[in-house]
Each structure stands twice: as structure tokens, then as C-alpha cells.
Amino acid sequence: MSDFQEVLNQEIATLSAKVEQNELPEAMRNQLKKEVIALQRSVEIGNYDEKYEKVSHYIDWCLRIPFGKKTEDTLDVAKAKEIFDKHHFGMQEVKDRFLEYLAVLNLQKNNLQDEEFSAPILLLVGLVGTGKTTFAYSLAEALGRKLVRIPFGGIGSAKELRGNSRLILGSEPGKIVKGVCEAGVMNPVILLDEIDRAAEEANMDIMGVLVELLDPAQNYAFTDDYINYPIDLSQAIFLATANNTRRIATAVMDRMEKISMPSYTDEEKIAIAKKYIMPKVLKEVGLRADQFIIREEMWLKMVRPLGFDAGVRTLQRTIQGAARKAARIIVEGKYDKVEIGPDNYKIFLPSY
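Calculation rules
- Residues numbered from 1 in each chain as written.
- Predicted model: local features only at pLDDT ≥ 70, side-chain atom pairs only at ≥ 80, totals over all residues.
- Heavy atoms only, no water.
- Helix = DSSP H or I, 4+ residues; strand = E, 2+ residues; numbered from the N terminus.
- Rg over C-alpha atoms; globule rule 2.2 N^0.38 Å.
- Contact = heavy atoms within 4.5 Å.
- Areas by Shrake-Rupley, 256 points an atom, 1.4 Å probe, with all protein chains shown as cover.
- Expected span 1.5 Å × (residues − 1).
- Buried < 20%, exposed > 50% of the residue type's maximum accessible area, 1.4 Å probe, protein only.
- Axes fitted to C-alpha atoms, helices over the stretch in contact; angles between N-to-C directions.
- Left-handed = near helix turned anticlockwise from the far one by under 90°.
- Nonpolar A, V, L, I, M, F, W, Y, C, P; charged D, E, K, R; others polar.
- Core = buried A, V, L, I, M, F, W, Y, C linked by side-chain atoms within 4.5 Å.
- Parallel < 35°, antiparallel > 145°, perpendicular 65-115°, else oblique.
- Pairing = 2+ DSSP bridges.

Further remarks concern the overall build of the chain. Of regular secondary structure, the chain possesses 14 helices and nine strands. What you see for the chain is a C-alpha radius of gyration of 26 Å, clearly larger than the 20 Å of a compact globule of 352 residues, by over 25%. C-alpha extents for the chain along the principal axes are approximately 85 × 55 × 40 Å. For the chain, the share of sequence-separated contacts (at least 6 apart) that also reach a separation of at least 24 residues comes to 77%. Only carbon and sulfur atoms are counted for the fraction: they give 50% of the accessible area of the chain, which is about 18,000 Å².

It is worth spelling out helix α5 (residues 92–111) at this point. Here α5 spans 28 Å end to end across 20 residues, near enough to the 28 Å set by a 1.5 Å rise per residue. For α5, the complete set of buried residues consists of V94, K95, R97, F98, L99, Y101, L102, L105 and Q108.

Axis separation between α5 and helix α6 (residues 132–143) bottoms out at 12 Å; the angle between their running directions is 35 degrees. Judged by the sense of rotation from one axis to the other, the crossing of α5 with α6 is right-handed. Seen from α5, the contacting residues are V94, K95, F98, Y101, L102 and L105; seen from α6, they are F135, L139, A142 and L143. Partitioned by chemical class, the residues of the contact of α5 with α6 number nine nonpolar, no polar and one charged.

Attention shifts here to the nonpolar core. L192, I195 and I227 are the most contacted members of the largest nonpolar core, which has 61 residues in total. Residues L99, A119, L139 and M298 belong to the second largest nonpolar core, which totals 53 residues.

Below, the discussion takes up α6. Here α6 spans 17 Å end to end across twelve residues, near enough to the 16 Å set by a 1.5 Å rise per residue. Burial of α6 is extensive: nine of the twelve residues sit out of reach of the surface. Those residues of α6 lying buried are K132, T133, F135, A136, S138, L139, A140, A142 and L143. Tucked inside the fold, the buried residues of α6 contact α4 (77–87), α5, β1 (122–125), β2 (147–151), β3 (189–193) and β6 (237–242). Just past α6, the residue G144 takes up positive phi, approximately 75 degrees.

Take the packing of α4 against α6 next. Helix-helix packing is characterised by the crossing angle of the two axes and by the distance between the axes. Contact pair α4 / α6: the axes reach a minimum separation of 9 Å and the direction vectors enclose 150 degrees. Put simply, α4 runs roughly antiparallel to α6. When you trace α4 past α6, the crossing you get is right-handed. Between α4 and α6, the residues in contact are A80, I83, F84, K86 and H87 and F135, S138, L139, E141 and A142, respectively. Its residues assigned to classes, the contact of α4 with α6 shows six nonpolar, two polar and two charged.

Taken in spatial order, the five strands make up an open sheet running β2-β3-β6-β1-β7, and their pairing is parallel. Of all the strands in the sheet, the pair left with one neighbour each is β2 and β7 (257–260). With direction set aside, neighbouring strand axes in the sheet form an average angle of 20 degrees.

Right, let's get into the environment of N9. Tracing the backbone through its elements, the reader meets N9 in helix α1 (residues 3–21). For N9, a relative accessible area of 17% gives the class buried. Considered as a pair, N9 and V43 are 34 residues apart in the sequence and their alpha carbons are 7.6 Å apart.

In C-alpha cells form, the structure reads like this:
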């Protein structure tokens, strides 16, 4: 036996030990044992190079799936309210809907068995910058769960979600299984972000995967084409976002509860800028609060430098740009502070 074969045998023995020791469903353990035996036979006859890489890669992914692992929920509605208020200004109706959602989960946990767990699936619909994604992070924080974010923008094939067959060279699991592996638990909050932005040509296939994911009658046995073994996602909490619902299939909409995200008023944006955005930007840029001042009468200009915008992303970018300009002026000109007022605001604001 060559030294190379001996090394492979040692690595195969290590794989076999991992299969025995990891917490796995018995059917998958038996499936992986067969893969190890077949691999051992290939090494014995000298036909091992490509097969070893494929099988070891496959087993490695299977062992990453956190079977049996989950986080315990924190279902304190009062604490959740504090978290939502900390991260979101206004939007009381949306906050109330999330708090009702947590109350339902609390009752389910106390009054129902785990196998009867059934969280409603929320779809947040609103324009860019209205806080849809941030609400998902707040929900995960309130529950004490891991968060998996799967962005749909640019997804060109359902295979990106479900994975490719192992027969295809270089295959790996899809984004769903990869996300669960990264979270390390079987019950994360799974954020399906901007589900209306998948590629047009693949939209129907992607909607088909979403039906399987969001349907409690199916997601207890979600099948990734690479893993080729049913994965129980019934304990995960799914949350979706979209800018609009035009391209979302009716079958997908039927499985979700829609929450409309309202646009922010100018007054709300100013309050958000002062309370949330400014402290963060000052820290990013390295300025003290007394070094970068925006006069009260200039806030409306900051909010609408280029016209109306429903969210706060443009406002955040505007403040970031103004703060960077102020930092340069202070450093190069050796000024103590920069104050934005009627005479100089055009220097700091974007223009067409």
C-alpha cells in the first residue's frame, strides 16, 4: 500500500468516526455509512481521486446540518417592545402586529406540544428604506434566535435555493441549507429578503420552492437536491419582504400574512435622523457631537435634498456625505467645528 493510500485510509477512518459520533437521523447515518464503505472500496482498487473529493465533500456538508440543535425562545412581550422601540421610530401599527405575533408564539409554547408549533408567516411590503429588513433583525433579537438572511435580488435559478445534484461537478447545497448550517440550529428566523426581485426567467421555479418552504404541510421535509435527504424546517420562523407583490405567485401570497410598511413623514425622518442616524454617523466618521452641527431650520433640506423619498436610506447617505465633508474641512482647515446653515448647506448636500 502506498503512503498516499495510507493517508486516504486514515482520512476515511476519520470520516467514518464523525458519521458515528455526530447527532444524525438514523436513516442519514446509514446512508453516509454506505458512502464511506463505497469510498473504502474505491481506495482499495486504486480508483479514489475524484470519488474521494466528492464523497468527503458531501459527508462534510451533511455533518454540518445541525440536527437536533435549537435555541430556546425568549417570549417576553414587554422586552420585545423595548427592542422594537430601540430600533424603530414610529410605525406603531407594525410594532403592534409583531407583538401580537410574539403573544401567539407564547401561547403556543405554553399550551401546545412542540410538534404542533405553527408560526404565522409575515410578509413585509413597502418601499426601499422603510425598515422591512431591520424588523426581521429585531424579531430575531427579541426571540433570542439566530437569523439567516437570504437575499433574492439577483437569484437566477431555483437551484441557488435548493442546490444542485451531487452528480454535477462542484455542486453544493442551496442557500436554504447553507443558511441553516451557518446558523447552527434548526429553528432560526429565516428572512427571505426581497422575494419580488428574483430573475424574471426563473421566477416561477423560485415561487415553487417558496411554496414548499412556507407550507407547514411540506417544510417538515424540505429536500435540497445536493443533500438528497428531507430536512425538517418546521421549527424555523419564516419572514419575507418585498417592495411590491406584483411578481409574487398567488400560492405564495396565500401562505403569508401581509403587513404594509408605511412611508415616513418628514417629521418622522427628522426624528429618526437625530435619534438613530446622527449618533451612528458621528461614530463612523470620528466626529464629536459639538464638531458637526446641523441647524434646526436646515433639517428639512437634509430630508429632501433631491425630492421626496419614502424611506431613510437617502437621508442616511446624505448625512454620511455631509459628515465626511465636515471631517475634511476640520482636518485640512484646522477648524474647531462645522455648522450647516442657510449660507453653506449647498456645499454639503447632493445635487442633480
